[in-house]
Amino acid sequence: MIKYTDKNSISKQIFETPFQSELNKTNRWVLLEELMPWDKMAGIFMKDMSKDMGRTTIDLRYVMGAMFIQHSLNLTDRDTIAMISENIYMQYFIGLPSFQSTTIFDHSLLSIFRQRLGEQGGQQLNEILITYSFENGQIKHRKSRSKTIKDEDRDTNEQNSLTNKKRTTIEKSEDKKERDDKGATVKNRGTVKIDATVIPQNISFPTDTKLLNHSREISESIIDELYEQLRDLWPIKPRTYRREARKKWLQFSKSRRPNKKTIRKQLRSQLGYLKRNLKHMDKMLSLILESGKKIKLTERLRKKMYVISEIYRQQQEMFDDKRKKIADRIVNVAQPWVRPIVRGKAGSQVEFGAKINLSLTEKMVTVDQSSFDAFNEGSGLEDLLDRYKQRFGYYPEYALVDRIYLTRANRKFMKDNNIAHNGNPLGRPKPIDKSLKAKMRKKNNERNHIEGKIGQGKQKFGMDKLRTKTVQSSLCAINLIALAINMLTLLNKSFLINLSLLRATITITAKHLLIYLISVQQYQLCYFKLSPNLIIDYKG
């Protein structure tokens, strides 16, 4: 059976909307609007603004809401503004008093605020959300098991390792004073899971030949710009051999699998073309300065000119030394701060973007360390755990980390602060019984939670390809994506809390009803003196 409404009949109907009375209170944007600490977050945006001077800004609530919507749905700046103008729930979320079909502000304002916030502003927004959720009971760490640590076992290796089972005795005590008198008590709470990953930038995969060809094309455009502006300074336009270079590049790029000899030949020719163009640019610029005239190049072309000269230096040095590594290697002309990060994983040996250290506790994500330069993950573990203490008031009970984090310095720090970890103790391995081995395996498997969060961020929230173009906007976008993931977590937690409250209400109502029915049954037994066998069993 087929049902279809033709176009003419639709155009004659009056479109009815259900929003004339009230919005749906179970909509996700309505729920998120109540969960967000708007006033505290607005302080981050107001930090560098003046209350008295300058033109009045657009309502910061609109900008905050639009940025949160953008990173929650992985939208571009233009698509974000367009979607807000079409969706009444999103307009309620950002704080509009009524529905409006016009755009709330220009899309370029989002990139301006990302650049202004930077890495620090994005981190502060996420910290405010986590702290607010913790204070309101949406995040709860379970109380750690009370442990009394024997004095003779304090100096043993790996005091907090899961394999050192004999060093601690677990006891339950109701009186807190007695526990303090008997020995040290562990006040740490919660489990933190830590891992590192790379957030790739949205750039083409760089090769040396492609990078040199692109640099050559930019140098040709700079020469053309200088020649057109001041033709009276030079009678003849400098020769660039661009047709010949373009022909060689096309012939090379069409070959499927070029060998090393072919690649080296192409590198030699591209380096020669670029070297000639850079010499022409130096002569033209020096001639302009000698004539007393100004160099009329845009800021973008000036930056690219410095970048391609550095690319030529790096590529020429690697070509002469026949090597493939160099410090601070540039892989993209438009984003020269991006560095190759060697990961060594299947499918992506090298990634091009920012490397970050992520931590996860109670399903809430924080970006604790981020840099476009490669770094050792274990170097920031102490700062990460100290930040955890500043946030919650205590250290975590467990730190589930990878093997690279467990350096001697980090092991000592966790031992001094009574933090257990999932690593094996140093030295000769000792025999472990099956029950303890099963517990260790179960604890290690909990690290999969942060792997899942990283996959969620890359598949749904746009962590696999960042579209931002500057350093600060990219680092800010990474922290805003973490905030968007936490928003979704809070939304799910609020749904589960409401569900548990509903179940509790139903249970209490059922108990009261059962008590009432039992009282009615007893009343009937006393008043009518009936046999209990004739009365319906209400408990059943």
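Small disclaimer: the values here were computed from a predicted structure and weren't measured.

About the cut-offs
Sequence order sets the numbering: in each chain, residues are counted from 1 along the sequence as written. The predicted origin of the model limits local features to residues at a pLDDT of at least 70 and limits the giving and counting of side-chain atom pairs to 80 or more, whereas totals for whole chains, interfaces and linings rest on all residues. Where side-chain values are given, they derive from all heavy atoms of the structure, hydrogens and water being excluded. Strands here mean DSSP runs of E at least two residues long; helices mean DSSP runs of H or I at least four residues long; both are numbered from the N terminus. Partly exposed residues are those whose accessible area sits between 20% and 50% of the maximum for their type, while under 20% is buried and over 50% is exposed, using a 1.4 Å probe and protein chains only. Residues are treated as being in contact if the distance between any of their heavy atoms lies within 4.5 Å. For salt bridges, the criterion is a side-chain nitrogen of Lys or Arg within 4 Å of an Asp or Glu carboxyl oxygen.

A. Quick look at the side chain of His 280. With respect to the element layout, His 280 can be found in helix H11 (residues 260-290). For His 280, a relative accessible area of 19% gives the class buried. Those residues in contact with His 280, other than ones at most four positions away along the chain, are Ile 223, Pro 238 and Arg 239.

B. The arrangement of the environment of Phe 375 in detail. Checked against the element boundaries, Phe 375 lands in the loop between strand E6 (364-371) and helix H13 (381-392). Spatially, the C-alpha atom of Phe 375 lies 9.2 Å from that of Ile 356, the residues being 19 residues apart in sequence. Apart from residues no more than four positions distant in its own chain, Phe 375 is found in contact with Lys 355, Ile 356, Asn 357 and Gln 369.

C. Expanded view of the pattern of salt bridges. Counted by the stated rule, this structure contains 27 salt bridges. With a closest N to O distance of 3.1 Å, Lys 412 and Asp 416 form a salt bridge. Of the two residues, Lys 412 and Asp 416 are both situated in helix H14 (residues 408-416); the distance of 4 residues between them amounts to about one turn of the helix. Residue Lys 412 is classed as exposed on the basis of its relative accessible area of 52%. Between Glu 446 and Lys 443 there is a salt bridge, with the nearest N and O atoms lying 3.7 Å from each other. Here the salt bridges do not stand alone but share partners, grouping Glu 310, Arg 313, Glu 317, Asp 321 and Arg 323 into one network.

D. Layout of the side chain of Gln 266. Its place among the elements puts Gln 266 in helix H11. Residues within four places of Gln 266 in sequence aside, it is in contact with Thr 209, Lys 248, Trp 249 and Phe 252.

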